[in-house]
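Residues per chain are reported as follows:
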Amino acid sequence: QVQLVESGGGLVQAGGSLRLSCAASQSISSFSIMGWYRQAPGNQRELVAHFTSGGTTNYADSVMGRFTISSDNAKNTVYLQMNSLKPEDTAVYYCNAQKLSTLGYMYSESWGQGTLVTVSS
């Protein structure tokens with residue numbers, strides 16, 4: 001089971017920026033999908049952004065144009081650059097890694113422990 005360790009969360013004023021990092025204990029190229037989710041108090045966990053091994057990147061509509069997901073395979077690390085932050089971006093952000101079979105079934109999924117992002121107005 002891969003270990004995912006997030007860092008980079010904190011308190012920032014609205015309009016500010018943060019960069020989250022997710023360090024994996026194994027090669028991130030072994031995963032079919034890697035991404036970021038978030039969960040605000042009282043809300044369900046939701047997808048923020050992810051990319052696939054096939055090169056597809058997806059973003060939630062609410063973060064499109066403000067957040068950018070990227071990776072550094074040499075460091076086995078995935079990043080989430082968050083710009084123009086809004087109070088509604090306040091949440092615990094989780095790193096996620098999935099492995100899919102050739103038929104598209106998820107047979108392995110791992111989560112990090114989460115990092116808290118608080119955006120003040």
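Rules used throughout
Residues numbered from 1 in each chain as written. Predicted model: local features only at pLDDT ≥ 70, side-chain atom pairs only at ≥ 80, totals over all residues. Heavy atoms only, no water. Disulfide = S-S within 2.5 Å. Helix = DSSP H or I, 4+ residues; strand = E, 2+ residues; numbered from the N terminus. Buried < 20%, exposed > 50% of the residue type's maximum accessible area, 1.4 Å probe, protein only. Pairing = 2+ DSSP bridges. Axes fitted to C-alpha atoms, helices over the stretch in contact; angles between N-to-C directions.

**Here we look at the state of the cysteines**
By the definition in use, this model includes one disulfide. Shown here is the disulfide that connects Cys22 with Cys95, its sulfur atoms set 2.0 Å apart. Measuring handedness by torsion sign, the sulfur bridge of Cys22 and Cys95 sits at about -80 degrees and is left-handed. Here Cys95 lies in strand β9 (residues 91–100) and Cys22 lies in strand β3 (residues 18–24), a separation of 73 residues in the sequence. Pair check on accessibility: Cys22 and Cys95 agree, each one buried.

**Observations concerning unusual backbone geometry**
A positive phi is found at Asn76, a non-glycine position, where the angle reads about 50 degrees. Counting through the fold element by element, Asn76 comes out in the loop between β7 (67–72) and β8 (77–82). Notably, Ser84 is not glycine yet its phi reads approximately 50 degrees, a positive angle. You can see Ser84 is positioned in the loop between β8 and β9. For Ser84, a relative accessible area of 41% gives the class partly exposed.

**Digging into the environment of Glu88**
Tracing the chain through its elements places Glu88 in the loop between β8 and β9. The sequence separation of Glu88 and Lys99 amounts to 11 residues, and the corresponding C-alpha distance is 30 Å.

**Digging into the pairing of β9**
The element β9 is largely enclosed, with a buried count of eight among its 10 residues. Bridge analysis of strand β4 (residues 33–39) against β9 gives seven bridges, and the strand direction is antiparallel. Looking at the pairing, Gly35 lines up with Asn96 of β9. Here three bridges tie β9 to strand β11 (residues 115–120), and the two strands are oriented antiparallel to one another. Along β11, the bridge assignment pairs Val92 with Leu116. Sheet topology places β9 next to strand β10 (residues 106–111); five bridges connect them, and they run antiparallel.

**Concerning the sheet that holds β7**
In space, the four strands of this open sheet follow the order β1-β3-β8-β7, with antiparallel pairing throughout. On the outer flanks of this sheet lie β1 (4–7) and β7, each paired with one strand and no other. If you compare each strand with its neighbour and ignore which way they point, the axes differ by 15 degrees on average.

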